[in-house]
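One-letter residues, chain by chain:
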Amino acid sequence: MKKVVLPIFPVLVSIIFFACSQHNLGTYVLTSPSPALDRIQQRGELVVGTAAGMPPLNMTNKDGEIIGLDADLSRYLADAMEVKLRLVPMAFEDLLPSLEAGKVDTVISGMTMTAYRNRRVAFVGPYLISGKGLLTRQATLAAINNPNAIDLAEVRLTALAGSTSADYVRTVTPRAQFVPAQDYDVAVKMVIDGRVDAMVADQPICLISVARYPDQGLLAVIAPLTYEPIGIALPPNDALFMNLVGNFLTVLQDNGTLGRLKDQWFQTGDWWGQIK
């Protein structure tokens, strides 16, 4: 990936760190009101939690490297902060508990900003607008425009455990049989193998899955069923860190970098051969 240099933002970060620290007899004394920034600066590393199985947002390639839009955003953020990046893969449902426990500094993993989640952690964004979609091999299901059509006891649905898609299945289609999946590769395989009738997921993931498996007869609902703003999750009660990441995201949007990254991961399939 061609790296886009963001010369302004590292200066902003340096100013923030300088204003929140002081030198005393050669000893660096941290006085920042941001525990997260202190921790990141001390270790020289930004630790980002991600599911690593939500293409094209985050996924693991054949070499074990995490790639995707979320991985690129994480890398740009670490570069802007002038620290190293460590991506920590984990089950989606473990991401927010890990953030709350301080095991990761932030979560960048296709996470929808909801009121429930926002009561637990802070969010910056959105950096992407999505919506619930349906992946299936059945033409009748792919043609639905009302979720009531799949709210039937004989319909088997899968969704990522701990996701808003899982919440959607439970609340909007309570009569359907729900089979949770740990990652999207498992969920898509359930659809292909006929173990479930459909997968509920963010629409881009459904559309990408159709393109990834052209010979499996997969179909996706064209119109999104919901509105899903995707954001960056941050520790609560850390206004300085939230301000820093918010400014970073604004720069990426305003200089066109975010748009180019979206085109790279959503408009081309150059990366398909890299993943497992």
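Residues numbered from 1 in each chain as written. Predicted model: local features only at pLDDT ≥ 70, side-chain atom pairs only at ≥ 80, totals over all residues. Heavy atoms only, no water.

Chemist: Can you break down the overall build of the protein residue by residue, with the values?
Modeler: For the protein, the helix and strand inventory stands at 11 helices and 15 strands. A total of 276 residues make up the protein; the buried ones form 51% of that total. Counting contacts in the protein only where the partners sit at least 6 residues apart, residues at least 24 apart contribute 68% of the total. Of the roughly 12,600 Å² of accessible surface on the protein, 54% is carried by carbon and sulfur atoms. (Helix = DSSP H or I, 4+ residues; strand = E, 2+ residues; numbered from the N terminus. Buried < 20%, exposed > 50% of the residue type's maximum accessible area, 1.4 Å probe, protein only. Contact = heavy atoms within 4.5 Å. Areas by Shrake-Rupley, 256 points an atom, 1.4 Å probe, with all protein chains shown as cover.)

Chemist: Pulling in residues and values, what's your account of the packing of helix H3 (residues 69-81) against helix H11 (residues 257-267)?
Modeler: At a closest axis distance of 10 Å, the pairing of H3 and H11 adopts a crossing angle of 150°. The angle between the axes of H3 and H11 places the two elements in the roughly antiparallel class. Crossing angle aside, the handedness with which H3 passes H11 is right-handed. On H11, the residues touching Leu-69, Asp-72, Leu-73 and Tyr-76 of H3 are Thr-257, Leu-258, Leu-261, Lys-262, Gln-264, Trp-265 and Phe-266. By residue class, the composition of the contact of H3 with H11 is 7 nonpolar, 2 polar and 2 charged. (Axes fitted to C-alpha atoms, helices over the stretch in contact; angles between N-to-C directions. Parallel < 35°, antiparallel > 145°, perpendicular 65-115°, else oblique. Left-handed = near helix turned anticlockwise from the far one by under 90°. Nonpolar A, V, L, I, M, F, W, Y, C, P; charged D, E, K, R; others polar.)

Chemist: Quick rundown of the nonpolar core? Include the residues and the values.
Modeler: The nonpolar side chains of a soluble globular protein tend to be buried with one another. Membership of the largest hydrophobic core comes to 40 residues, with the highest contact counts inside it found for Leu-73, Met-81, Tyr-127, Phe-241 and Val-245. At the level of secondary structure, the elements contributing two or more residues to this core comprise helix H2 (35-43), strand S3 (45-50), strand S6 (66-67), H3, strand S9 (122-130), strand S15 (228-234), helix H10 (239-254) and H11. With 8 residues, the single largest contributor to this core is H3. Formed by 30 residues, the second largest nonpolar core is a distinct cluster that contains Leu-96, Val-191, Cys-206 and Ala-233. (Core = buried A, V, L, I, M, F, W, Y, C linked by side-chain atoms within 4.5 Å.)

Chemist: Any chance you could break down the packing of aromatic side chains for me, citing the residues and the numbers?
Modeler: One pass over the full model with this rule turns up 1 aromatic pair. Their ring planes at 50° and their centres at 6.1 Å tell us that Trp-265 and Trp-271 sit as a pair that is tilted. (Phe/Tyr/Trp six-rings, centres within 6.5 Å; stacked < 30°, edge-to-face > 60°.)

Chemist: Tell me about the sheet that holds strand S4 (residues 53-54), and please be specific about residues and values.
Modeler: If you walk across this open sheet you meet the 3 strands as S4-S5-S6, and the pairing is antiparallel. Each edge of the sheet is formed by a strand with only one pairing partner; in this case those strands are S4 and S6. Relative to strand S5 (residues 58-60), S4 runs antiparallel, the two being bridged by 2 bridges. Across the sheet, the residue bridging to Met-54 is Asn-58, located in S5. (Pairing = 2+ DSSP bridges.)

Chemist: So what about unusual backbone geometry? Which residues, and what values?
Modeler: Across the junction of Pro-55 and Pro-56, the peptide omega takes the value 5°, indicating a cis bond. As for its placement among the helices and strands, Pro-56 is situated in the loop between S4 and S5. Cis geometry marks the peptide bond from Gly-125 to Pro-126, where omega comes out at 10°. Positive phi, normally seen in glycine, also occurs at Ala-52, with a value near 60°. Position of Ala-52 relative to the elements: it lies in the loop between S3 and S4. Even without being glycine, Glu-82 reaches a positive phi, approximately 60°. By secondary structure assignment, the location of Glu-82 is in the loop between H3 and strand S7 (84-89). You can call Glu-82 exposed: its relative accessible area is 57%.

Chemist: Account for the sheet that holds strand S8 (residues 106-112), with residues named and values stated.
Modeler: Strands sit in the order S7-S3-S8-S15-S9 across an open sheet of 5 strands; the sheet is mixed. Each edge of the open sheet carries a strand with a single partner, namely S7 and S9. Mean inter-strand twist for the sheet, computed between neighbouring axes without regard to direction, equals 25°. Two elements, S9 and S15, share 6 bridges in a ladder whose sense is antiparallel. Within S15, the residue paired with Ala-122 across the bridge is Leu-234. Helix-sheet contacts for H10 involve S9 and S15, and the interaxial angle to S9 is about 25°.

Chemist: Can you lay out H2 for me, pointing to particular residues and giving the numbers?
Modeler: Within H2, burial applies to Ala-36, Leu-37, Asp-38 and Ile-40. Phi turns positive, to about 70°, at Gly-44, one or two residues after H2.

Chemist: How would you sum up the pairing of strand S12 (residues 177-181)? Please name residues and give values.
Modeler: The side chains of a regular strand alternate between both faces of the sheet. By the bridge criterion, 5 bridges tie strand S11 (residues 156-160) to S12 in an arrangement that is parallel. Looking at the pairing, Thr-158 lines up with Val-179 of S12. In the classification by handedness, the crossover that spans S11, the intervening helix H7 (residues 164-172) and the parallel S12 is right-handed. (Right-handed = clockwise from strand over helix to strand, strands pointing away.)

Chemist: For H3, give the residues involved together with the corresponding values.
Modeler: Its 13 residues place the ends of H3 18 Å apart at the C-alpha level, agreeing with the 18 Å of an ideal helix rising 1.5 Å per residue. Summarising burial for H3: 11 of the 13 residues are buried, a large majority. Leu-69, Asp-70, Ala-71, Asp-72, Leu-73, Ser-74, Tyr-76, Leu-77, Ala-78, Ala-80 and Met-81 are the residues of H3 that are buried. (Expected span 1.5 Å × (residues − 1).)

Such coordinate-based values are descriptive only and should not be taken to indicate function.
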